Amino acid sequence: MADRCYYYVEDEKVKCGIVSIEWDCGFTREAKHLYIDRIISRVPDRYQICRDITTASPDYLARSLSPHILTMSDGRRFDTIYFENPSPAQHDWLYYQSLSEQQRAFIRECGSFTDVFHDPFKKGRNTQAHSAAVLQLFMMQGLAEEVSDFAEFEEWWVKCRQGECTV
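What comes next is a walk through the structure. (Residues numbered from 1 in each chain as written. Predicted model: local features only at pLDDT ≥ 70, side-chain atom pairs only at ≥ 80, totals over all residues. Heavy atoms only, no water.)

**Quick notes on the packing of helix α4 (residues 101–109) against helix α5 (residues 128–140)**
Move 1: Contact geometry of α4 with α5 gives a least axis separation of 9 Å together with a crossing angle of 90°. As summarised for this structure, α4 and α5 are arranged roughly perpendicular, according to the angle between their axes. Side by side, α4 and α5 meet where Arg104, Ile107 and Arg108 of the first sit next to Ala132, Gln136 and Met139 of the second.
Move 2: Looking at side-chain class alone, the contact of α4 with α5 contains three nonpolar, one polar and two charged residues. (Axes fitted to C-alpha atoms, helices over the stretch in contact; angles between N-to-C directions. Helix = DSSP H or I, 4+ residues; strand = E, 2+ residues; numbered from the N terminus. Parallel < 35°, antiparallel > 145°, perpendicular 65-115°, else oblique. Contact = heavy atoms within 4.5 Å. Nonpolar A, V, L, I, M, F, W, Y, C, P; charged D, E, K, R; others polar.)

Right under this line is the structure:
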């Protein structure tokens, strides 16, 4: 069995649900799709549409949200800076800045996000599934139009971490 998580927004908070799936088919593309299906089938209906947003996703737009595919405005791939930033707020801001309008619209429409490779019990590992839920909350609160720089985003992000909203 393997524990996997999905992130969603509820009551103005980012929350995490955990599901257990059989991890018994290897690492082929087909096996990864099967694991994704297993995760999504265990996510409660109220958090559907759930999308895996990794390079393993069978959905093109969901797959485009992987840090291994996203590019920064300066042309660098997002994964080149993905693990360099010590600040989770900076990570989320840079992730948000890397998204196209189509990708942002996709995030708004989803009910939850998962990362087939993310083990929720491993410490210190970021996942784009969490970032997508944070950014969904950010956009739901109408802040995407108001916040134009990292300092403003970080102020919101810190308030969220302090309990005014929970990420």
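Now, onward.
**With respect to α5**
Move 1: Compared with an ideal rise of 1.5 Å per residue, which puts 13 residues at 18 Å, α5 spans 18 Å between its outermost C-alpha atoms and is within 8% of the ideal.
Move 2: Summarising burial for α5: twelve of the 13 residues are buried, a large majority.
Move 3: Every buried residue of α5 is accounted for by Gln128, Ala129, His130, Ser131, Ala132, Ala133, Val134, Leu135, Gln136, Leu137, Phe138 and Met139.
Move 4: Immediately downstream of α5, the backbone of Gly142 shows phi near 75°, a positive value. (Expected span 1.5 Å × (residues − 1). Buried < 20%, exposed > 50% of the residue type's maximum accessible area, 1.4 Å probe, protein only.)

**Structural notes on the nonpolar core**
Move 1: The biggest cluster of nonpolar side chains holds 35 residues, and the ones touching the most others in it are Tyr95, Leu99, Phe113, Phe153 and Trp156.
Move 2: Looking at this core, the element that brings in the most residues is α5, giving eight residues.
Move 3: Sequence-distant contacts of Leu99, defined by excluding residues within four places in its chain, comprise Leu65, Leu70, Arg104, Ile107 and Leu135.
Move 4: Counting residues in each nonpolar core, the second largest holds 15 residues, with Ala2, Ile21, Ile40 and Ala56 among its members. (Core = buried A, V, L, I, M, F, W, Y, C linked by side-chain atoms within 4.5 Å.)

**Overview of the packing of aromatic side chains**
Move 1: In the structure shown here, the tally under the stated rule is twelve aromatic pairs.
Move 2: The rings of Trp93, Tyr96, Phe138, Phe153 and Trp156 are connected pair by pair, giving a single aromatic cluster.
Move 3: A cation sits over an aromatic face here: Arg4 above Trp23, 4.7 Å from the ring centre.
Move 4: Seen from the ring of Tyr96, Arg104 lies directly overhead, with NZ or CZ sitting 3.9 Å from the centre. (Phe/Tyr/Trp six-rings, centres within 6.5 Å; stacked < 30°, edge-to-face > 60°. Lys NZ or Arg CZ within 6 Å of the ring centre and 35° of its normal.)

**Examining a negative patch on the surface**
Move 1: The grouping of Glu145, Glu146, Asp149 and Glu152 at the surface amounts to a negative patch.
Move 2: With respect to the element layout, Glu145 can be found in the loop between α5 and α6 (150–161).
Move 3: Since its relative accessible area comes to 66%, Glu145 is described here as exposed. (Patch = residues over 30% accessible without salt bridge, like charges linked within 9 Å, V, L, I, M, F, W, Y side chains within 5 Å. Areas by Shrake-Rupley, 256 points an atom, 1.4 Å probe, with all protein chains shown as cover. Salt bridge = Lys/Arg side-chain N within 4 Å of Asp/Glu carboxyl O. Lys, Arg positive; Asp, Glu negative; His and termini not counted. Charge placed at Lys NZ, Arg CZ, Asp CG, Glu CD.)

**Brief notes about the pattern of salt bridges**
Move 1: Throughout the structure, instances matching the rule amount to eight salt bridges.
Move 2: Between Asp24 and Arg38 there is a salt bridge; the shortest N-O distance is 2.9 Å. Placement of Asp24 in the loop between β2 (13–21) and α1 (29–42) and of Arg38 in helix α1 is noted, with a sequence separation of 14 residues between them.
Move 3: Since its relative accessible area comes to 18%, Arg38 is described here as buried.
Move 4: As a salt-bridge pair, Glu155 and Lys159 come within 3.7 Å of each other at their nearest N and O atoms. Taken together, the residues span about one helical turn, with Glu155 and Lys159 both in helix α6 at a distance of four residues.
Move 5: Under the relative-accessibility criterion, Lys159 is labelled partly exposed at 35%.
Move 6: Taken together, the shared-partner salt bridges connect Glu10, Asp11 and Lys15 into one network.

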